[in-house]
Amino acid sequence: LKVTLVPDEYVAGSLVAALRSVLPVRVLVLQADIASPTLVQELSIAGAAVTAVVAYRTVQGSGGINLPALLATNQVDAITFTSPSTVINCVRRLATEGGNPNHLADVCLACIGRVTAQAVRELGFSVSVMPAVYTLEGLVAGLEEYFREKYD
């Protein structure tokens with residue numbers, strides 16, 4: 001698909017600002033079942049006719065690596081978080097799998113943006129990496145810089 005508009009910043013307010021020049025329009029917002037209402041509310045206030053559709057459910061995963069054991073033995077250098085739900089589900093999963101969520105304080109916690117970073121801080125942890133550009137590329141670049149500075 002051809003992308004016709006990309007906001008300056010990857011947050012709801014910036015997307016609404018970028019769309020203001022074409023409002024009023026009809027907007028279909030595909031989102032998670034636990035999505036913040038901010039985008040839909042701000043678009044509506046700005047004059048868009050918004051239809052919000054739950055396109056996917058966010059659930060806590062299972063299986064994969066034994067993260068509690070890896071954290072307990074200092075075998076994790078960094079954990080990336082791309083949404084507040086990834087933060088919450090990581091901490092919940094650690095607790096339900098017998099891990100110690102406090103071990104997260106011993107690793108680099110990298111967040112894709114300020115909303116995700118806020119979720120980390122609300123749980124009492126520090127954010128080591130948060131890129132200026134809220135993309136996966138920005139997150140990877142932030143991790144590269146963090147570890148380059150740490151080991152130089």
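Before going into details, it helps to say that this report is about the structure given with it. (Residues numbered from 1 in each chain as written. Predicted model: local features only at pLDDT ≥ 70, side-chain atom pairs only at ≥ 80, totals over all residues. Heavy atoms only, no water.)

### Comments concerning unusual backbone geometry
Most peptide bonds take the trans configuration, and most residues that are not glycine carry a negative phi.
And then number 1: Leucine 23 connects to proline 24 through a cis peptide bond whose omega is 5°.
And then number 2: With respect to the helices and strands, the residue proline 24 is situated in the loop between helix H1 (12-19) and strand E1 (26-32).
And then number 3: Phi at asparagine 74 is positive, roughly 55°, even though this residue is not glycine.
And then number 4: For asparagine 74, the position within the fold is in the loop between helix H3 (67-72) and strand E3 (78-81). (Helix = DSSP H or I, 4+ residues; strand = E, 2+ residues; numbered from the N terminus.)

### Description of helix H4 (residues 84-96)
And then number 1: Between its first and last C-alpha, H4 extends 18 Å over 13 residues, near the 18 Å set by a 1.5 Å rise per residue.
And then number 2: Among the residues of H4, Ser85, Val87, Asn89, Cys90, Val91, Arg93 and Leu94 are the ones counted as buried.
And then number 3: Of the surrounding elements, those touching the buried residues of H4 are H3, E3 and helix H5 (114-122).
And then number 4: Looking one or two places after H4, you find glycine 98, whose phi comes out positive at around 80°. (Expected span 1.5 Å × (residues − 1). Buried < 20%, exposed > 50% of the residue type's maximum accessible area, 1.4 Å probe, protein only. Contact = heavy atoms within 4.5 Å.)

### Some remarks on the pairing of E3
The two faces of the sheet receive side chains in turn, since in a regular strand these alternate between them.
And then number 1: Alternating positions in E3 separate cleanly, Ile79 and Phe81 being buried on one face and Ala78 and Thr80 remaining unburied on the opposite face.
And then number 2: Pairing of E3 with strand E4 (residues 108-111) involves four bridges; the strand directions are parallel. Its bridge partner lying in E4, threonine 80 is registered against alanine 110. (Pairing = 2+ DSSP bridges.)

### Here's the deal with a nonpolar patch on the surface
And then number 1: Residues Val3, Val6, Tyr10 and Val133 make up a contiguous nonpolar surface patch of about 370 Å² in total accessible area.
And then number 2: Looking at where valine 3 falls in the secondary structure, it is placed in the segment before H1. (Patch = residues over 30% accessible without salt bridge, like charges linked within 9 Å, V, L, I, M, F, W, Y side chains within 5 Å. Areas by Shrake-Rupley, 256 points an atom, 1.4 Å probe, with all protein chains shown as cover. Salt bridge = Lys/Arg side-chain N within 4 Å of Asp/Glu carboxyl O.)

### Brief notes about the packing of aromatic side chains
Given two aromatic rings, their pairing is described by the distance between the two centres and the angle made by the two planes.
And then number 1: In the structure shown here, the tally under the stated rule is two aromatic pairs.
And then number 2: With a centroid separation of 4.8 Å and an interplanar angle of 90°, the aromatic rings of tyrosine 146 and phenylalanine 147 are classed as edge-to-face.
And then number 3: Measuring from ring centre to ring centre gives 6.2 Å for phenylalanine 147 and tyrosine 151, while their planes differ by 10°; the resulting arrangement is stacked. On the criterion of helical spacing, the pair formed by phenylalanine 147 and tyrosine 151 is a turn pair, its members being four residues apart in helix H6 (residues 136-151). (Phe/Tyr/Trp six-rings, centres within 6.5 Å; stacked < 30°, edge-to-face > 60°.)

### Looking at the environment of tyrosine 146
And then number 1: When you line up the elements, tyrosine 146 lands in helix H6.
And then number 2: On the basis of relative accessibility, which here comes to 24%, the residue tyrosine 146 falls in the partly exposed class.
And then number 3: Linking tyrosine 146 and serine 128, residues 18 residues apart in sequence, is a C-alpha distance of 7.8 Å.
And then number 4: Among residues more than four places away in sequence, those in contact with tyrosine 146 are Cys108, Ser128 and Val129.

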